[in-house]
Amino acid sequence: MRRTALAALCLAAAATAGLTGCLPGQDKADSTPKGPFAGLTGGEIADRAVKATNGASSLRMKGDVPDDESGGTIQLDMALNKKGECAGTMSMDGQGKADLIKTDDTVYMKYDEAFLRAQSKGESKGDTDAVVAMMAGKWTKMSAKGQDAKDIASFCDLGTVLAGAEDVNSDATRGRTTTVAGTPAIVLHEKDGKDRYTLYVATEGKPYLLKVVSTSAKDAGTIAFSDYQKPVPAEAPKGKVLDLDALSD
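In this report, we go over the structure that sits alongside the text. Quick caveat, the model's predicted, so the values are computed rather than measured.

The rules we used
- Per-chain numbering applies: the sequence of each chain, read as written, is numbered from 1 onward.
- Note on the predicted model: pLDDT of at least 70 is required for a residue's local features to be given, and 80 or more for side-chain atom pairs to be given and counted; whole-chain, interface and lining totals, by contrast, use all residues.
- To obtain the side-chain values, all non-hydrogen atoms of the structure were used and water was disregarded.
- Secondary structure follows DSSP: runs of H or I at least 4 residues long count as helices, runs of E at least 2 residues long count as strands, and numbering of each begins at the N terminus.
- Contacts are residue-level and defined by heavy atoms, with any inter-residue pair within 4.5 Å sufficient.
- The method behind every accessible area is Shrake-Rupley, applied with a 1.4 Å probe, and residues are considered shielded solely by the protein chains displayed.
- Side-chain rings of Phe, Tyr and Trp, where Trp is taken by its six-membered ring, are said to pair if the distance between their centres is within 6.5 Å; with planes under 30 degrees apart they count as stacked, over 60 as edge-to-face, and otherwise as tilted.
- Think of it in three bands: with a 1.4 Å probe and only protein chains considered, a residue is buried below 20% of the maximum accessible area for its type, exposed above 50%, and partly exposed in between.
- Charges are assigned to positions over rings by a cutoff of 6 Å between ring centre and Lys NZ or Arg CZ, combined with an angular limit of 35 degrees from the ring normal.
- Residues belong to a common nonpolar core when they are buried Ala, Val, Leu, Ile, Met, Phe, Trp, Tyr or Cys residues joined through side-chain atoms within 4.5 Å.
- Salt bridges are defined as contacts in which a side-chain nitrogen from Lys or Arg sits within 4 Å of a carboxyl oxygen from Asp or Glu.
- For two strands to pair, DSSP has to find at least two bridges joining them.
- Helix axes use the C-alpha atoms of the stretch in contact, all axes being lines fitted to C-alpha atoms, and the angles between their N-to-C directions lie in the range 0 to 180 degrees.
- For this text, the term disulfide refers to a pair of cysteine sulfurs within 2.5 Å.
- What the arc describes is the spread of directions from the helix axis to the C-beta atoms.

What follows deals with the overall build of the chain. Scanning the chain for helices and strands turns up eight helices and 12 strands. Residue pairs at least 24 apart in sequence account for 56% of intrachain contacts in the chain once pairs closer than 6 positions are excluded. About 12,100 Å² of surface is accessible on the chain, with carbon and sulfur atoms providing 48% of the total.

This is the structure in structure tokens:
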């Protein structure tokens, strides 16, 4: 059960696929586009968005990504930074919720009963009931350097999540202007073979990436990016915390 949950979190990095799955080439838009980013091609705007997003020290990711292992969908809402801290929630196919915090060298997680039961399918009723009784609604902790937590620790590092999203050399085409959560944005369209990606880039302030929509057969989903440069609320839980490393010794 726990390994499945950890793997699910790591797949959230697929949200950046729209930044790295681009084909080099020339933009097909007007050579002298007007409006926001006047004079820039869609590819040039996308490259600026990648650079700005990579330059952020922290951000928040919220949306849906596929889980190849289960064939389901992961819902996540996570703030993370380049210090390796993160805080947020995740769910699998809307079945329950797990809270996650990583600070210093410790990963903290809290699962509700619905999440634990959904992730324990295939286990005996007795084993599942025992896990629920021990863990439901309680904070747990693991060493971030341990085998069971190292994948989550990597996901919580914004630098790792965005790794490889540099020097894109995008062939994006310009689309319409719109707003994303109240922020003015321009829509960009990219393709990689049969896969299609729609990127939304802020037109005011730094050209941060605001949203990626992927229709890729492998990693279809939507991720919104917000809270750039804001502190990540990664504080160790108060009160009693169940030490999973001690239980496994």
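Let's pick the thread back up.
Our next topic: the packing of aromatic side chains. Evaluation of the coordinates by the stated rule reveals two aromatic pairs. Plain terms: the ring middles of Y208 and Y228 are 3.8 Å apart, the flat faces sit at 5° to each other, and that makes the pair stacked. With Y208 in the loop between β9 (195-202) and β10 (209-214) and Y228 in the loop between β11 (221-226) and β12 (242-243), this residue pair connects regions lying 20 residues apart in the sequence. A relative accessible area of 12% means that Y228 is categorised as buried. The ring of Y200 is capped by K211, whose NZ or CZ atom sits 4.5 Å from the centre of that ring.

This paragraph deals with the nonpolar core. Formed by 49 residues in total, the largest nonpolar core has its most connected members in M61, L100, V107, L188, V201 and F225. If we ignore the near neighbours within four places in the chain, the residues touching L188 are G42, I45, A46, A172, T173, R174, Y197, T198, L199 and V201. I101, Y108, V232 and A234 belong to the second-largest nonpolar core, a separate cluster that totals seven residues.

On to the pattern of salt bridges, then. Under the definition given, this model contains seven salt bridges. Taken together, the shared-partner salt bridges connect R60, D77, D227 and K230 into one network.

The next subject is unusual backbone geometry. Most peptide bonds take the trans configuration, and most residues that are not glycine carry a negative phi. Positive phi outside glycine occurs at D104, with the angle close to 55°. Along the polypeptide, D104 turns up in the loop between β4 (95-103) and β5 (106-111). A relative accessible area of 64% places D104 in the exposed class. Of note in the backbone geometry, D227 takes a positive phi value of approximately 50° without being a glycine. By relative accessible area, which is 30% here, D227 ends up partly exposed.

Moving on, we get to the sheet that holds strand β6 (residues 139-143). The strand order across the open sheet built from 12 strands is β7-β8-β9-β10-β11-β1-β2-β3-β4-β5-β6-β12, with neighbouring strands paired in mixed fashion. Unpaired on one side and paired on the other, β7 (173-180) and β12 mark the two borders of the sheet. The pairing of strand β2 (residues 73-81) with strand β3 (residues 86-92) spans seven bridges and is antiparallel. In the strand pairing of β3, L80 is matched with C86. Across the sheet, helix α3 (residues 42-55) is in contact with β1 (58-66), β7, β8 (183-192), β9 and β10; its angle to β8 comes to roughly 110°.

One pass over the structure, following the stated rule, counts one disulfide. Paired by a disulfide, C86 and C156 hold their sulfur atoms 2.0 Å apart. Of this pair, C86 sits in strand β3 while C156 sits in the loop between α6 (150-155) and α7 (158-161), and the two are 70 residues apart along the sequence. On the basis of relative accessibility, which here comes to 0%, the residue C156 falls in the buried class.

In this fold, L162 is placed in the loop between α7 and β7. Expressed as a C-alpha distance, the spacing of L162 and T53, which sit 109 residues apart in the sequence, is 8.6 Å.

To continue, consider helix α5 (residues 125-135). Considered for burial, the residues of α5 that qualify are T128, V132 and M135. In an axial view of α5, the angular spread of the buried residues amounts to 90°, which keeps them on one side of the axis. Close packing links the buried residues of α5 with β5, α4 (113-119), β6, β12 and α8 (244-248). Downstream of α5 by a residue or two, G137 has a phi angle that is positive, lying close to 75°.

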